[in-house]
Every structure is written in structure tokens, then in C-alpha cells.
Amino acid sequence: MFNKKGFIGAIGDDLPSLIPIIVALLLFFTVFSITFNSYNEKNALLRKNISLMNISRDLKGDSLILGVDQFLGNCNRIKFNQYGENFMVAIYSNDTLTGMFSSGENFLDDFKNPNAVDYPEDIENFLKGLDEDGLEKTYFCYYKKIGGMQISDKRANYLTRFYPVAIQEKVSIGETDYLVVSPGIMIMVIW
């Protein structure tokens, strides 16, 4: 009786054919999940880039900024939209940015400064201008989404863009006021 071969069972007879099917299914779902995760990461990066371009277009307009009042007005207007990312924008003069790069300074240090959000006028490198009341204001815009994190050294997943802009300023020479357009760089960091 013990030497006779017979029926092992429903699974036992089909076990050699089930193993390749299970391995093939595991391989299929593994490749599918890796592909889906890669797609989601690329899609998130694309959404962040599109958001960055929309914000910068709304903030700088046609690249001619007529003064600090216009820049801060545009900043306040775009803050009413709810964005999925946090961002900081500042305008630097060409001379300041050239000096920073030649001395090895990093502009991100200005953005990571804890005083940048509450007291942007304390940051020396940011461009400043006079508003309609004659008060000195800084060309700086900040938005933090609900539940968003502050910019810090812990995250290195920042998108940074540089945009050339022209800033109109009022310059007094003698007793005559002139409107002068000077070049600048608008730097935007989004995370």
C-alpha cells in the first residue's frame, strides 16, 4: 500500500504549475507599483514646476516692476490663492548678486534666515525701494501653505528659478525727480 502512487491532493498535483504563476504575478505587481510610484513622483514635480511658473508670472507680470507697491500688491493678491507648495520670492540687484556669487555666498542663506519672513528689511541683500508714502520696503514675498513647513537645511528638495526683471525707481538729481529703470534678478524658491 505504501509503494503505490496515487492522488496527492488538489493543490499537491498542481503545485509545480502554481509556483511560476505566483512568481509571475508577484513580478507583475512589483513592476506595476514601481512604475506607478515613478509616475506619481514625476507628476508631482511637474505640478510644482507649473505652480512655480504661474506664481512667477502673476508676481512679475511683464518683467517691468513699477515699484515696491506694485510688487507687494501682486504678492498680496496671489496669496489669496491656495497653492500646494510654499514659496519665497525676493529681488536682488545685479551688483548685489554678482558680489554674493564672487564671494562664495549662497542666496539660500538669505531665505533660510529666521528674520526673512517677519523682518525682510533686515536682510541686507534683498533689494529695497520707497513706497508711495516714502517708507523703505523690501521686494520680498512669502507664502506658506496650511500645515506647510518652514524652509530649513533639513530639506534639500527646493526648486529655484531666476527671472530677469526691470525695476522702475524714482531718483532725485538736484531738485528734479527722474524715473530710472534698473535691472534686477527675481529669485524664487519653492518647496
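The structure contained in this document is the topic of the report that follows. (Residues numbered from 1 in each chain as written. Predicted model: local features only at pLDDT ≥ 70, side-chain atom pairs only at ≥ 80, totals over all residues. Heavy atoms only, no water.)

### Thoughts on a nonpolar patch on the surface
Together, I21, L25, F28, F29, F32, F36 and Y39 make up an exposed nonpolar region whose accessible area comes to about 800 Å². Within the secondary structure, I21 sits in helix α1 (residues 10–60). (Patch = residues over 30% accessible without salt bridge, like charges linked within 9 Å, V, L, I, M, F, W, Y side chains within 5 Å. Areas by Shrake-Rupley, 256 points an atom, 1.4 Å probe, with all protein chains shown as cover. Salt bridge = Lys/Arg side-chain N within 4 Å of Asp/Glu carboxyl O. Helix = DSSP H or I, 4+ residues; strand = E, 2+ residues; numbered from the N terminus.)

### Digging into the layout of surface pockets
Gaps between atoms show up when a probe of the same size as a water molecule is rolled over them. Approximately 350 Å³ is the volume found for the largest pocket. L130, D131, Q168, E169 and K170 are, among the 17 residues lining the largest pocket, the residues nearest its centre. Counting residues per element, the ones that place at least two in the lining of the largest pocket are α2 (68–78), β3 (128–130) and β6 (159–173). Considered class by class, the residues forming the lining of the largest pocket number five nonpolar, five polar and seven charged. Of the voids in this model, the second largest pocket is the one considered here, and its volume is about 180 Å³. Mapped onto the lining of the second largest pocket, the elements with two or more residues apiece are α2, β4 (136–138) and β5 (140–143). (1 Å grid on protein atoms, 1.4 Å probe; cavity = no way out; pocket = protein on both sides within 12 Å on 5 of 7 lines; lining within 4 Å. Points joined across faces, edges and corners; volume = space filled by probe spheres on them. Nonpolar A, V, L, I, M, F, W, Y, C, P; charged D, E, K, R; others polar.)

### Some details on unusual backbone geometry
Backbone geometry at S63 places phi at a positive 75 degrees, although glycine is not the residue there. Within the secondary structure, S63 is located in the loop between α1 and β1 (64–65). The class of S63 is partly exposed, set by a relative accessible area of 21%. (Buried < 20%, exposed > 50% of the residue type's maximum accessible area, 1.4 Å probe, protein only.)

### Thoughts on α2
Here α2 has its buried residues at V68, F71, L72, N74, C75 and I78. Angularly, the buried residues of α2 cover 155 degrees about the axis, an arc narrow enough to put them on a single face. (Arc of directions from axis to C-beta.)

### Description of the pattern of salt bridges
Scanning the model with the defined rule gives one salt bridge in all. Across the salt bridge formed by K137 and D131, the nearest N and O atoms sit 3.6 Å from each other. Given a relative accessible area of 33%, K137 falls into the partly exposed group.

### Describing the packing of aromatic side chains
Enumeration according to the criterion identifies seven aromatic pairs in this entry. Judged by centre distance (6.2 Å) and plane angle (20 degrees), the ring pair of F28 and F32 falls under stacked. Of this pair, F28 and F32 both sit in helix α1, four residues apart, roughly one helical turn. Measuring from centroid to centroid gives 5.4 Å for F87 and Y143, while their planes differ by 20 degrees, and the two rings are stacked. Here the residue F87 occupies a position in strand β2 (residues 87–93), and Y143 occupies one in strand β5, the gap between them amounting to 56 residues. Through successive ring pairs, a cluster of aromatic residues spans F28, F29, F32 and F36. (Phe/Tyr/Trp six-rings, centres within 6.5 Å; stacked < 30°, edge-to-face > 60°.)

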